[in-house]
Amino acid sequence: MKEITHYTAIVIGGGASGMMTAGQIVAHNPDATVLIIEKNKRLGEKLSITGGGRCNITNATFDDKILLKNYGVAEKFLYSAFDQFGIQDTINFFEKRNLPIVIQANNRAFPKSEKAIDVTNVMQKFCTHPDIKILTNTVVTKINTGCHPALDAGSQDKTTRSRNESGMTLITNIEIQKGERYTADSYILATGGLSHPETGSTGDGFKWLTDLGHNVKQPTPTLVPWIVSDSWIHAHAGTALDDAKIIVSVDGKKYISCTGRILCTHTGLSGPLILNNSSKLQDALLSGVVTGTLDLYPQLNHKEIDQVILNIFEKNKNKKFRNVIDEITRLHSGFLILQKHLPLDFDIPVHSVSKEYRKSLTQLLKSIPLFIRGLEGYEKSVVADGGISLTEVDTKTMRSKKISNLFITGDLLDIRRPSGGYSLQLCWTTGFVAGTHCLS
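Position labels on residues start from 1 in each chain and follow its written sequence. Residue-level local features of this predicted model are given only where pLDDT is at least 70; pairs of side-chain atoms are given and counted only at 80 or more, and the full residue set underlies all totals for whole chains, interfaces and linings. Hydrogens and water are ignored here; the side-chain numbers use all heavy atoms of the structure.

## Observations concerning the nonpolar core
Here's step 1: Remark: nonpolar core denotes a set of buried residues (Ala, Val, Leu, Ile, Met, Phe, Trp, Tyr, Cys) joined through side-chain atoms within 4.5 Å. Only protein chains enter the accessibility calculation, which uses a 1.4 Å probe; a residue is then buried when its area is under 20% of its type maximum, exposed when over 50%, and partly exposed in between. Ranked by size, the top nonpolar core spans 78 residues in total, and within it Ile-10, Tyr-71, Phe-94, Ile-174 and Trp-428 carry the most contacts.
Here's step 2: If you look at the next biggest cluster of nonpolar residues, it comprises 47 residues, including Ile-233, Val-248, Ala-284 and Leu-294.

Structure below.
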């Protein structure tokens, strides 16, 4: 066994919350020494791809009472944490480091460059400090617990002595795959959850928390694209339906109804509207027979759509019907929908399309059948819920209530939240709070 090396704090995981924690530790405690252990070849692998490479850095809802309602039952636990580091603090943090922030639709805040790598670069620089050592390509193999040396009978450390006397366990050291062992006064778990496992989020933190005696809810992918078998959707991969309505029914009863921007993919549907309803879809799939419909004209009734079609026909009455289908459906290969649901000789002149067919077309545009098969898995998930129960964490400090020198951040906390910058803000906030309090 190689010589044990001691640090003031060890941060396991070099993602968004881990980097925020490490940087804040040395900013708040000038004499601290920090070790970051990251299994990837560089810090911030997942951060560099988040938001489709644009990085939705936060949600610019500045009223905490409104903002925190988006975190569901976790709302009541998070007021103190967000009071310490909230939305404006996040924006100030990045802008003071020469990364301007812009606020777009639905209060989504992005770096002005719309490049996630710029956010990663800021955070990596925040962790570039003489007292921060970074080990990459390194896997933690074991976390050991017991009595900390400071708790020997002769110790004069009243704080750690009182923790021990209360019956709480301490982490004594961690081991890595190279056979080395490291010790610290405090340990911070910032390993992330299970979304995008290709970036190293493979659930190690959940296993360690369970082994350390915590109650951990089994994670499930929550913000994930829908799998839809309709080939016309696949053919339009990359196309955004800027104003569309989806209705999902279970055993014939309406279960989900949502309107907004929807993105077609090679396997189905995505985009914030879809992601934020994926948990509901999961519940629907477990409840009965699921059917879906898509409305391409949610703001118009049948009569108004018929008039739209008549106007297009009037302007193009001598063209082939095939050549106006895209204008009617507002899709570059709209005939694929009609080919399946309303077959016709699409080469006939527009003026030869019957009134009956036109009426059927109107009905179809308001209610295109969707064959929803299920949800993508962890590899496509933006967020996976589950994690340590907040009743076992002091959310004013992010300290474990069972392991007195353990702090937990980010996706390891059992907090369900929607798409729109809420996940990264949780990382910034909990990382800052843990970094501020882990040595106190």
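## Some words on the sheet that holds strand 4 (residues 101–103)
Two pairing modes exist for strands in a sheet, parallel and antiparallel, and in both the strands are linked by backbone hydrogen bonds.
Here's step 1: For two strands to pair, DSSP has to find at least two bridges joining them. Per the convention used, a helix needs a DSSP run of H or I reaching at least four residues, while a strand needs a run of E reaching at least two, with both numbered from the N terminus. Strand order in the open sheet made by the three strands is 3-5-4, with antiparallel pairing throughout. Since the sheet does not close on itself, it has two edges, and those belong to strand 3 (58–59) and strand 4, each with one partner.
Here's step 2: Bridge analysis of strand 4 against strand 5 (residues 108–111) gives three bridges, and the strand direction is antiparallel. Bridge pairing in strand 5 places Ile-101 opposite Pro-111.

## What to know about the environment of Lys-39
Here's step 1: Among the structural elements, Lys-39 can be located in the loop between strand 2 (34–37) and strand 3.
Here's step 2: Overall, the relative accessible area of 28% leaves Lys-39 in the partly exposed class.
Here's step 3: Polar contacts involving the side chain of Lys-39 include one to the side chain of Asp-204, which spans 2.7 Å. Here a polar contact means two N or O atoms within 3.5 Å. Within protein one must be a hydrogen donor candidate and the other an acceptor candidate, and residues neighboring in sequence count only if both atoms are side-chain atoms.

## As for the pattern of salt bridges
Here's step 1: Salt bridges are defined as contacts in which a side-chain nitrogen from Lys or Arg sits within 4 Å of a carboxyl oxygen from Asp or Glu. According to the stated counting rule, one finds 16 salt bridges in the structure shown.
Here's step 2: Across the pair Arg-261 and Asp-242 runs a salt bridge, and its minimum N-O distance is 3.0 Å. In this pair, Arg-261 is assigned in strand 14 (residues 253–264) and Asp-242 in strand 13 (residues 240–250), connecting sequence segments 19 residues apart.
Here's step 3: A salt bridge links Arg-358 to Asp-306, with the shortest nitrogen-to-oxygen separation between them at 2.6 Å. Linking Arg-358 in helix 14 (residues 355–366) with Asp-306 in helix 11 (residues 302–315), this pair joins segments that are 52 residues apart in sequence. Both residues of the pair, Arg-358 and Asp-306, count as buried.
Here's step 4: Three or more residues are tied together by salt bridges with common partners; here these are Asp-306, Arg-358 and Lys-359.

## Some remarks on helix 3 (residues 75–84)
Here's step 1: Residues of helix 3 that are buried include every one of Glu-75, Leu-78, Ala-81 and Phe-82, and no others. One side of helix 3 carries all its buried residues, which in axial view fall inside an arc of 115 degrees. Exposed side chains of helix 3 directed beyond 90 degrees from the buried face belong to Lys-76 and Asp-83.
Here's step 2: Working rule for contacts: check all heavy atoms of both residues, and any pair within 4.5 Å makes them a contact. The inward-facing, buried residues of helix 3 abut helix 2 (64–67) and helix 15 (422–437). Taking the helix axis as origin, the arc is that swept by the directions to the C-beta atoms.

## Some details on the packing of aromatic side chains
Here's step 1: Paired rings are identified among Phe, Tyr and Trp, the last through its six-membered ring, by centres lying within 6.5 Å, and are further divided according to the angle between planes into stacked (under 30 degrees), edge-to-face (over 60) and tilted (the rest). Scanning the model with the defined rule gives ten aromatic pairs in all.
Here's step 2: Ring geometry for Tyr-71 and Tyr-422: centres 5.9 Å apart, planes at 85 degrees, overall edge-to-face. Here the residue Tyr-71 occupies a position in the loop between helix 2 and helix 3, and Tyr-422 occupies one in helix 15, the gap between them amounting to 351 residues.
Here's step 3: Measuring from ring centre to ring centre gives 5.8 Å for Phe-321 and Tyr-357, while their planes differ by 90 degrees; the resulting arrangement is edge-to-face. A residue pair is termed long-range when its members are at least 10 positions apart, and Phe-321 in the loop between helix 11 and helix 12 (325–329) and Tyr-357 in helix 14 qualify at 36 residues.
Here's step 4: Exposure remark for Phe-321: the relative accessible area of 0% places this residue in the buried category.
Here's step 5: Looking at Tyr-357, the relative accessible area reads 9%, which means it is buried.
Here's step 6: In this scheme, the term charge over a ring applies when either NZ of a lysine or CZ of an arginine sits within 6 Å of the ring centre and within 35 degrees of the ring normal. The ring of Phe-93 carries Arg-97 above its face, with NZ or CZ at 3.9 Å from the centroid.

## Brief notes about the pairing of strand 1 (residues 5–12)
Here's step 1: Here strand 1 lies mainly inside the structure; six of its eight residues are buried.
Here's step 2: As defined by bridge partners, strand 1 adjoins strand 2 across four bridges and the pair is classed as parallel. Residue Ile-10 lies in a different strand from strand 2, and its bridge partner there is Leu-35.
Here's step 3: Each parallel crossover has a hand, and the one from strand 1 via helix 1 (residues 16–28) to strand 2 is right-handed. Crossover handedness is defined by viewing with both strands directed away from the observer: a clockwise path from the first strand over the helix to the second marks the crossover as right-handed.

## Re the sheet that holds strand 13
Here's step 1: Ordered in space as 17-16-13-14-15-12-18, the seven strands form an open sheet in which the pairing is antiparallel. Looking at the sheet topology across the chains shown, the edges are occupied by strand 17 (368–370) and strand 18 (372–375). Geometrically, the sheet is characterised by an average inter-axis angle of 35 degrees between neighbouring strands, direction not taken into account.
Here's step 2: Taken together, the three bridges between strand 16 (residues 290–295) and strand 17 define a ladder with antiparallel strand orientation. By the bridge assignment for strand 17, Leu-294 is matched with Ile-368.
Here's step 3: Lines fitted to C-alpha atoms define the axes, with helix axes restricted to the stretch in contact, and inter-axis angles between N-to-C directions lie between 0 and 180 degrees. In the packing of helix 10 (residues 278–285) onto the sheet, contacts are made with strand 12 (226–228), strand 13, strand 14, strand 16 and strand 18, and the angle to strand 18 comes to roughly 115 degrees.
Here's step 4: Lying on the sheet, helix 14 is in contact with strand 16 and strand 17; it crosses strand 16 at an angle near 115 degrees.

## Considerations on the environment of Cys-264
Here's step 1: Mapped onto the elements of the fold, Cys-264 is located in strand 14.
Here's step 2: In sequence terms Cys-264 and Pro-225 are 39 residues apart; their C-alpha atoms lie 9.8 Å from each other.
Here's step 3: When near neighbours in sequence (up to four residues on either side) are disregarded, Cys-264 contacts Ile-233, His-236, Ala-237, Gly-238, Thr-239, Leu-241 and Leu-269.

## Looking at the side chain of Glu-75
Here's step 1: Mapped onto the elements, Glu-75 comes out in helix 3.
Here's step 2: At 2.9 Å, the side chain of Glu-75 forms a polar contact with the side chain of Tyr-79.
Here's step 3: If we skip the residues at most four places from it in the chain, Glu-75 touches Lys-65, Leu-68 and Lys-69.

## Digging into unusual backbone geometry
Here's step 1: One non-glycine residue, Asn-98, adopts positive backbone phi at about 65 degrees.
Here's step 2: Relative to the assigned elements, Asn-98 resides in the loop between helix 4 (87–95) and strand 4.
Here's step 3: On the basis of relative accessible area, Asn-98 is assigned to the exposed category, the value being 71%.
Here's step 4: Phi is positive for Asp-251, which is not a glycine, with a value near 50 degrees.
Here's step 5: Relative to the helices and strands, Asp-251 is located in the loop between strand 13 and strand 14.
Here's step 6: Judged by relative accessible area, which is 51%, Asp-251 ranks as exposed.

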